[in-house]
Amino acid sequence: MMVHDIRQKFIIIKEQVAKRVFNSYLLEYIETPKIDEEKLLVLLSLMEPLDMAIDRVQAYILSTMLIQIALDTHEYISDDAIDEKKRQLTVLAGDYYSGLYYKLLAEAEDINMIKSLSAGVKQVNEHKILVYKSDLDGIESLMTSIKRIESSLLTKVAEYFKTEFWNGFSGELFLFKRLLNERTQYLESGSSILFKSMKEILFTGVQFEDLTDEQHQCLIQTCDKQLVRSKHAVEKQLPNINEFLAKRVTALLGQYQPYAKTFVEEG
């Protein structure tokens, strides 16, 4: 199969991921899994210069995206609001995606890639525990853990193919994206995993419902400070990546509006 354009490859591989992920029975009971298109595109971009057959590229990206979706699906189980049957099926769904990932890499006969991604999964889970238990000694440690959760799989793939340029870029990009999502959730619902951890670090012992307006604003400003830092780090790298990815990343960065500006506009 000859496919030259990165856009074509992106569409083809995304369709292949969707075909494997959207199991009609599971989707009757669980949240529809989200395919992180930026992660898929970063994976494709780091493999693009390697002169590898598209089928091989597809197998590696499918495997990595399936294990990422499995991790994201298992993370959803921590939501106390879901009922027991849904919880059990969500566990099953995560295991199902993990099984597909092992099958694909076994067929590709690449044991070393399985080892690399398994090390990435271990790292993700270790840092999730630190964040969920709020077992961190400061905001910098929290941000490092969020970065590891969001980019460890990509980092392991980049190391495997010796394309380490992508490690710093993807770390900052997916930290930015996670912070942006957590911030939106906090502004809309008053709660998020990240903001709970920040509260434990900055206002130990204070319940969310007892936070003052000033303390709420302090949490948002702490998040904003890191968002700005990551945004600038990503922008510096934009000239070094392909145009298709650069446009997607620029659009994502453009979604951030500083809280003070948003507050003034709404007021």
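Structure: see above.
Residues numbered from 1 in each chain as written. Predicted model: local features only at pLDDT ≥ 70, side-chain atom pairs only at ≥ 80, totals over all residues. Heavy atoms only, no water.

## A word on the overall build of the protein
Part 1 of the argument: Looking only at helices and strands, one finds 12 helices and zero strands in the protein.
Part 2 of the argument: Order of helices (α) and strands (β) in the protein, N terminus to C terminus: α-α-α-α-α-α-α-α-α-α-α-α.
Part 3 of the argument: Here the contacts in the protein between residues at least 6 apart in sequence split such that 70% fall between residues at least 24 apart. (Helix = DSSP H or I, 4+ residues; strand = E, 2+ residues; numbered from the N terminus. Contact = heavy atoms within 4.5 Å.)

## So, helix α8 (residues 165–189)
Part 1 of the argument: With 25 residues, α8 should reach 36 Å at 1.5 Å per residue; the first-to-last C-alpha distance of 37 Å fits that figure.
Part 2 of the argument: A positive backbone phi angle near 85° is found at G190, which sits one or two residues after α8. (Expected span 1.5 Å × (residues − 1).)

## Some thoughts on unusual backbone geometry
Note: most residues except glycine have negative phi, and most peptide bonds are trans.
Part 1 of the argument: Despite not being glycine, D51 has its phi angle at roughly 55°, a positive value.
Part 2 of the argument: In this structure, D51 sits in the loop between α3 (37–47) and α4 (54–76).
Part 3 of the argument: A residue is classified by how much of its surface remains accessible, and D51, at 76% relative accessible area, is exposed.
Part 4 of the argument: Positive phi values are uncommon outside glycine, yet K162 reaches one of about 55°.
Part 5 of the argument: Relative to the assigned elements, K162 resides in the loop between α7 (139–160) and α8.
Part 6 of the argument: K162 sits in the exposed class, given a relative accessible area of 69%. (Buried < 20%, exposed > 50% of the residue type's maximum accessible area, 1.4 Å probe, protein only.)

## Points about the nonpolar core
Part 1 of the argument: Core analysis: the largest hydrophobic core is formed by 70 residues, its most contacted members being V17, I61, F169 and F195.
Part 2 of the argument: Sorting elements by how many residues they give to this core places α4 first, with 11 residues.
Part 3 of the argument: Contact partners of F195, with chain neighbours within four places excluded, come to E182, R183, Y186, F208, L219, I220 and C223. (Core = buried A, V, L, I, M, F, W, Y, C linked by side-chain atoms within 4.5 Å.)

## Some points on the pattern of salt bridges
Pairing of side chains with opposite charge becomes possible as their charged atoms draw close.
Part 1 of the argument: What the rule picks out here adds up to 18 salt bridges.
Part 2 of the argument: In this structure, E150 and R178 form a salt bridge, with 2.6 Å as the shortest nitrogen-oxygen distance. Taken as a pair, E150 in helix α7 and R178 in helix α8 lie far apart in primary sequence, 28 residues in all. Like R178, E150 is buried. (Salt bridge = Lys/Arg side-chain N within 4 Å of Asp/Glu carboxyl O.)

## A few points about the side chain of R183
Part 1 of the argument: Position of R183 relative to the elements: it lies in helix α8.
Part 2 of the argument: Side chain to side chain, R183 and D224 meet in a polar contact 2.6 Å long.
Part 3 of the argument: If sequence neighbours within four positions are ignored, R183 has contacts with F195, I220, C223, D224, L227, Y256, Q257, P258 and Y259. (Polar contact = N/O pair within 3.5 Å; in protein donor to acceptor, adjacent residues only side chain to side chain.)

## Quick look at the packing of α8 against helix α9 (residues 193–202)
Part 1 of the argument: Contact geometry for α8 and α9: axes closest at 8 Å, N-to-C directions at 85°. As summarised for this structure, α8 and α9 are arranged roughly perpendicular, according to the angle between their axes. Within the contact between the two elements, α8 uses R178, L179, E182, R183 and Y186 and α9 uses I193, L194 and F195.
Part 2 of the argument: Among the residues forming the contact of α8 with α9, the class breakdown is five nonpolar, no polar and three charged. (Axes fitted to C-alpha atoms, helices over the stretch in contact; angles between N-to-C directions. Parallel < 35°, antiparallel > 145°, perpendicular 65-115°, else oblique. Nonpolar A, V, L, I, M, F, W, Y, C, P; charged D, E, K, R; others polar.)

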